[in-house]
Amino acid sequence: MSALDKALAEISKRIGEFQGKTAQAGFFPGTAYPDGTPVAYVAAIQEYGAGKTPPRHPIRSAIEQYKSQWRDDLGRGVKAVIEGSVTSEAVLQQVGGAMASDIQTSISEVTDPPLSPITVMLRGMRRNDPGLVVTGKTVGEAAQRVADGETNYGASDKPLIDSGLLLASVTHKVGDSE
């Protein structure tokens, strides 16, 4: 085998390390709110909307804003793998980590559509009484407090950051393509 054939075989082997591998970022099974509600379920509701909850689409916004950067990072990584300076696993970990970080940035930037004054009031009521269980009756009480012009106890009106768990639960994984 010639030196060129050996070099091409080595390059092919290195590129082949990517075969069947993927980097994914988002919300994976296993993380839940204290009441047992899966974080991925809440993230899907925030992404697509449900009932009176409007879609806020932080994941789709991140993809739209950062996909070309992720593609460029992957391209540079493939080149580095071909050169033998890094492994495909390292490249995919780096790209997956960047994806997760960018999704977190997107979540933290969401301001629209705004939360309803009743939702903000409920946040304030929970801040004032951490053991508060939100029921239909509680929502009615919050609506009345809003109508009466009562304070919301300084609660944040920023969507998607109430407990911080949604933001903290964004992660990534590298593994076999499914």
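Structure: above.
Residues numbered from 1 in each chain as written. Predicted model: local features only at pLDDT ≥ 70, side-chain atom pairs only at ≥ 80, totals over all residues. Heavy atoms only, no water.

(A) Here's a closer look at the packing of helix α3 (residues 58–83) against helix α4 (residues 88–109). The interhelical angle for the contact between α3 and α4, taken along N-to-C directions, is 160 degrees, at an axis separation of 9 Å. Here α3 is positioned roughly antiparallel relative to α4, judged by the angle of their axes. Where α3 crosses over α4, the two elements pack in a sense that is right-handed. Split by residue class, the contact of α3 with α4 holds 14 nonpolar, 7 polar and 3 charged. (Axes fitted to C-alpha atoms, helices over the stretch in contact; angles between N-to-C directions. Helix = DSSP H or I, 4+ residues; strand = E, 2+ residues; numbered from the N terminus. Parallel < 35°, antiparallel > 145°, perpendicular 65-115°, else oblique. Left-handed = near helix turned anticlockwise from the far one by under 90°. Nonpolar A, V, L, I, M, F, W, Y, C, P; charged D, E, K, R; others polar.)

(B) Structural view of the pattern of salt bridges. Summed over all chains, the structure comprises 8 salt bridges. For Arg14, the salt bridge goes to Glu10, with nearest N and O atoms at 3.0 Å. Taken together, the residues Arg14 and Glu10, both in helix α1 (residues 3–16) and 4 residues apart, mark about one turn of the helix. For Glu10, a relative accessible area of 31% puts it in the partly exposed group. For Asp162, the salt bridge is made with Arg126, and the minimal N-O distance between the two is 2.1 Å. A residue pair is termed long-range when its members are at least 10 positions apart, and Asp162 in the loop between α6 (136–147) and α7 (165–168) and Arg126 in helix α5 (residues 117–128) qualify at 36 residues. Here Asp162 falls in the partly exposed class, since its relative accessible area comes to 43%. (Salt bridge = Lys/Arg side-chain N within 4 Å of Asp/Glu carboxyl O. Buried < 20%, exposed > 50% of the residue type's maximum accessible area, 1.4 Å probe, protein only.)

(C) Local environment of the side chain of Arg145. With respect to the helices and strands, the residue Arg145 is situated in helix α6. Of the polar contacts made by the side chain of Arg145, one reaches the side chain of Glu141; its length is 2.6 Å. In this structure Arg145 touches Met121, Met125, Glu150 and Tyr153, once residues within four positions along its chain are discounted. (Polar contact = N/O pair within 3.5 Å; in protein donor to acceptor, adjacent residues only side chain to side chain. Contact = heavy atoms within 4.5 Å.)

(D) Structural view of α6. Here α6 contains 12 residues, and its C-alpha end-to-end distance of 16 Å stays within 8% of the 16 Å for a straight helix at 1.5 Å per residue. Taken residue by residue, α6 has Thr138, Ala142 and Arg145 as its buried positions. All buried residues of α6 project into a common sector of 60 degrees when viewed along the axis, lining one side. In α6, the exposed positions angled more than 90 degrees off the buried face are occupied by Gly136, Lys137 and Ala147. (Expected span 1.5 Å × (residues − 1). Arc of directions from axis to C-beta.)

(E) Region of the structure containing the packing of aromatic side chains. Under the defined criterion, the tally for this structure stands at 1 aromatic pair. Both rings, one in Tyr66 and one in Trp70, keep their centres 6.4 Å apart while their planes meet at 20 degrees; by these two values the pair is stacked. On the criterion of helical spacing, the pair formed by Tyr66 and Trp70 is a turn pair, its members being 4 residues apart in helix α3. Of the two residues, Tyr66 and Trp70, neither departs from the other in class, the shared state being buried. (Phe/Tyr/Trp six-rings, centres within 6.5 Å; stacked < 30°, edge-to-face > 60°.)

(F) Representation of the nonpolar core within the structure. Counting 22 residues, the largest nonpolar core has Phe27, Ile107, Leu166 and Val170 as its most contacted members. Elements with a contribution of two residues or more to this core: α2 (39–48), α3 and α4. When residues of this core are assigned to their parent elements, the largest contribution, 7 residues, is made by α4. (Core = buried A, V, L, I, M, F, W, Y, C linked by side-chain atoms within 4.5 Å.)

(G) Quick look at α2. Within α2, the full set of buried residues consists of Val39, Val42, Ala43, Gln46 and Glu47. Looking down the long axis of α2, one finds its buried residues gathered within 140 degrees of arc, a one-sided arrangement. Exposed and facing more than 90 degrees away from the buried side of α2 are Tyr41 and Tyr48. The inward-facing, buried residues of α2 contact α3 and α7.

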